Amino acid sequence: MAGTIRQRIAGALHPESIEVIDEGHLHAGHAGEGQGHYRVRITCAAFAGQPPLKRHRRIYQVVDDLMGHGIHALAIEAWAPGEPGARDPGKTT
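Residues numbered from 1 in each chain as written. Predicted model: local features only at pLDDT ≥ 70, side-chain atom pairs only at ≥ 80, totals over all residues. Heavy atoms only, no water.

> Can you help me understand helix α1 (residues 2-13) in this one?
Quick reminder: α-helices carry 3.6 residues per turn. Residues three or four places apart thus point the same way. Across its twelve residues, α1 extends 16 Å between first and last C-alpha, which sits within 8% of the 16 Å expected from 1.5 Å per residue. Among all positions of α1, only Ile-5, Ile-9 and Leu-13 are buried. In an axial view of α1, the angular spread of the buried residues amounts to 30 degrees, which keeps them on one side of the axis. Of the surrounding elements, those touching the buried residues of α1 are β1 (17-22), β2 (37-43) and α2 (52-63). (Helix = DSSP H or I, 4+ residues; strand = E, 2+ residues; numbered from the N terminus. Expected span 1.5 Å × (residues − 1). Buried < 20%, exposed > 50% of the residue type's maximum accessible area, 1.4 Å probe, protein only. Arc of directions from axis to C-beta. Contact = heavy atoms within 4.5 Å.)

> Just to check I follow, could you spell out the sheet that holds β2 for this structure?
Strand pairing in a sheet relies on backbone hydrogen bonds. The paired strands run either parallel or antiparallel. Strand order in the open sheet formed by three strands is β1-β2-β3, with mixed pairing between adjacent strands. Taken across any chain shown, the strands that pair with only one partner, and hence form the sheet edges, are β1 and β3 (73-79). Recorded for the sheet is a direction-independent mean angle of 10 degrees between the axes of neighbouring strands. Of the strand pairs in this sheet, β2 and β3 are connected by seven bridges, and their pairing is parallel. The residue bridging His-37 from the neighbouring strand is Ala-73, located in β3. On the sheet, α2 packs against β2 and β3 and is oriented at approximately 130 degrees with respect to β3. (Pairing = 2+ DSSP bridges. Axes fitted to C-alpha atoms, helices over the stretch in contact; angles between N-to-C directions.)

> Help me understand the nonpolar core in this model?
One broad rule of soluble globular proteins: the nonpolar side chains tend to lie buried together. Core analysis: the biggest nonpolar cluster contains 19 residues, and Ile-5, Ile-9, Ile-42 and Ile-59 have the highest contact counts within it. Listing elements by their share of this core, those giving two or more residues are α1, β1, β2, α2 and β3. Discounting chain neighbours no more than four positions away, the residues touching Ile-42 are Ile-9, Leu-13, Pro-15, Ser-17, Ile-18, Phe-47, Ile-59, Glu-77, Ala-78 and Trp-79. (Core = buried A, V, L, I, M, F, W, Y, C linked by side-chain atoms within 4.5 Å.)

> Just to check I follow, could you spell out the pattern of salt bridges for this structure?
Side chains carrying opposite charge are able to pair once their charged atoms draw close together. With the rule as written, the count across this model stands at five salt bridges. A salt bridge links Arg-55 to Glu-83; its shortest N-O distance comes to 2.8 Å. Here the residue Arg-55 occupies a position in helix α2, and Glu-83 occupies one in the segment after β3, the gap between them amounting to 28 residues. According to the relative accessible area criterion, Arg-55 is buried, its value standing at 5%. Take Glu-83: its relative accessible area is 28%, and that puts it in the partly exposed class. A network of salt bridges, in which partner residues are shared, links Glu-23, Arg-39, Arg-41 and Glu-77. (Salt bridge = Lys/Arg side-chain N within 4 Å of Asp/Glu carboxyl O.)

> What should I look at first to understand unusual backbone geometry in this one?
Both trends apply: most residues other than glycine have a negative phi, and most peptide bonds are in trans. The phi dihedral of His-14 falls on the positive side, at around 50 degrees, and the residue is not glycine. The class for His-14 is exposed, based on a relative accessible area of 60%.

> I'm lost on the packing of α1 against α2 in this one. Help?
Pairs of packed helices are described in terms of their axes, by the angle between the two and the distance that separates them. Put simply, α1 and α2 touch, their axes get as near as 9 Å, and they point 120 degrees apart. As judged from the angle between their axes, α1 and α2 are oblique. The interaxial crossing formed by α1 with α2 has right-handed handedness. Residue-level inspection shows Ile-5, Arg-8, Ile-9, Ala-12 and Leu-13 of α1 in contact with α2, the latter providing Arg-58, Ile-59, Val-62 and Val-63. Here the residues of the contact of α1 with α2 are counted per class, giving seven nonpolar, no polar and two charged. (Parallel < 35°, antiparallel > 145°, perpendicular 65-115°, else oblique. Left-handed = near helix turned anticlockwise from the far one by under 90°. Nonpolar A, V, L, I, M, F, W, Y, C, P; charged D, E, K, R; others polar.)

Below, the structure is given as structure tokens:
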């Protein structure tokens, strides 16, 4: 599922960097256990000048049909290039 999420977001937004991390192991014993907890860390020029909420909405639009069907929870860290916290260009793990 992490690969599918990464491919979808990369194809739609063409980020400078993207990481999709499976965090399911952190939610053992919690609601939604085994249903897909992921974290996306993304640096994308398309986010320049956009508030965090708009950035998150763009990502959710790309994976909307996976919510509840492979993704239970999605944490997002989204930056424009040059912002504090932005990831190195070219990182696509």
